[in-house]
Amino acid sequence: MDVTRFFLIRHALVEPSARAILYGSMDVALCDAALREEAALYRWLAARLPQPARWVTSPLSRTRATAAAIFAAGYPEQVLDTEEDLQEQHLGEWQGITHEALVERLRHPAHPFWPHGAEERPPGGESLDDVRVRVGHVLEGLSQTCRGGDVVIVAHGGSIRGALAHALGLSAHQVLSFSIRNLGLTRLERHGTDWRVVAVNEEPWTPA
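All of the points below concern the structure found in this document. (Residues numbered from 1 in each chain as written. Predicted model: local features only at pLDDT ≥ 70, side-chain atom pairs only at ≥ 80, totals over all residues. Heavy atoms only, no water.)

Looking now at the sheet that holds strand β4 (residues 150-155). Backbone hydrogen bonds hold the strands of a sheet together, and the pairing may be parallel or antiparallel. Read across the open sheet, the six strands follow the order β3-β2-β4-β1-β5-β6; overall the sheet is mixed. Strands at the two margins of the open sheet, each flanked by one partner only, are β3 (80-82) and β6 (194-202). Across the sheet, the axes of successive neighbouring strands diverge by a mean angle of 25°, strand direction being ignored. Relative to β6, strand β5 (residues 185-191) is paired through six bridges, and the arrangement is antiparallel. In the strand pairing of β6, Glu189 is matched with Arg196. Contacting β1 (3-10), β5 and β6, helix α3 (residues 39-48) runs over the sheet at an angle of about 15° to β5. (Pairing = 2+ DSSP bridges. Helix = DSSP H or I, 4+ residues; strand = E, 2+ residues; numbered from the N terminus. Axes fitted to C-alpha atoms, helices over the stretch in contact; angles between N-to-C directions. Contact = heavy atoms within 4.5 Å.)

Here's what the structure looks like:
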C-alpha cells in the first residue's frame, strides 16, 4: 500500500506587536530576535525533513519566511507551492482587536484552552469548523497528487489543528485541546483511505 507522509510545521513566532492582538489571517512579520535565538531548531528541521519532498505553504508571508529560514539552515532550497486554503482562520471584524476587547464580543463560552469557542464565527469571518473543512480538502487533494510521496506543509496553528481534526475525525471543539507550538512538527500519514497521526509537536532529541 502506498503511504503518503505529511510533515506539517507551524510558522515561527511573530513580532511582539502582532502577538498583542488577534491577527488571524492578517499578514504579519516574524520576530527577528526569535529567528536568531532558534537557529538550532531550524538546523534540526533542515536535517529532519525528508528529501525529496513537495513543499507547500499558505499565502501568508510568515509561512514562506519560515520555509526560507529552514532552507538557510541547510535544507536544499525548494519551489514553494501556495495553497490558499491552508491559511489561518479568518477572524473577520475581530482581526486587529486586543485580546481584552474580544471578551465582550463573544456569543458563546470561550474554550478552556483558547480565547474563543470553536463554534464562534466572527462577523465577516469563519469558524474553526470552516477551517477544518477547507484544510481537509487540501489534504485529500495532496494525498492523490503526491500519493506515495512526502509533503512538507508550512502553515498555521489553526490549519494544523484543522488537519488533525480531519485525520482523526474530531470536532473543532475537541481539536482545540491540541497545543500546536511555533516551529512544532506534526506528522500525518495517509494509508489507503485511512489516516494515521505519527507525532504532534515532535521535538529534537537531546542527550542527557
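Next comes the rest of the account.
Our next topic: the packing of aromatic side chains. A full pass over the atoms with the stated rule returns four aromatic pairs. A connected cluster of aromatic rings, assembled from ring pairs, spans Trp55, Phe71 and Tyr75. Lying over the aromatic face of Trp114, Arg161 brings its terminal NZ or CZ to 4.5 Å of the ring centre. (Phe/Tyr/Trp six-rings, centres within 6.5 Å; stacked < 30°, edge-to-face > 60°. Lys NZ or Arg CZ within 6 Å of the ring centre and 35° of its normal.)

Describing two packed helices takes the angle between their axes plus the distance from one axis to the other. At a minimum axis separation of 8 Å, α3 and helix α4 (residues 61-72) run at an interaxial angle of 80°. In this view, α3 runs roughly perpendicular relative to α4, as classed from their interaxial angle. Side by side, α3 and α4 meet where Tyr42, Leu45 and Ala46 of the first sit next to Thr66, Ala69 and Ile70 of the second. (Parallel < 35°, antiparallel > 145°, perpendicular 65-115°, else oblique.)

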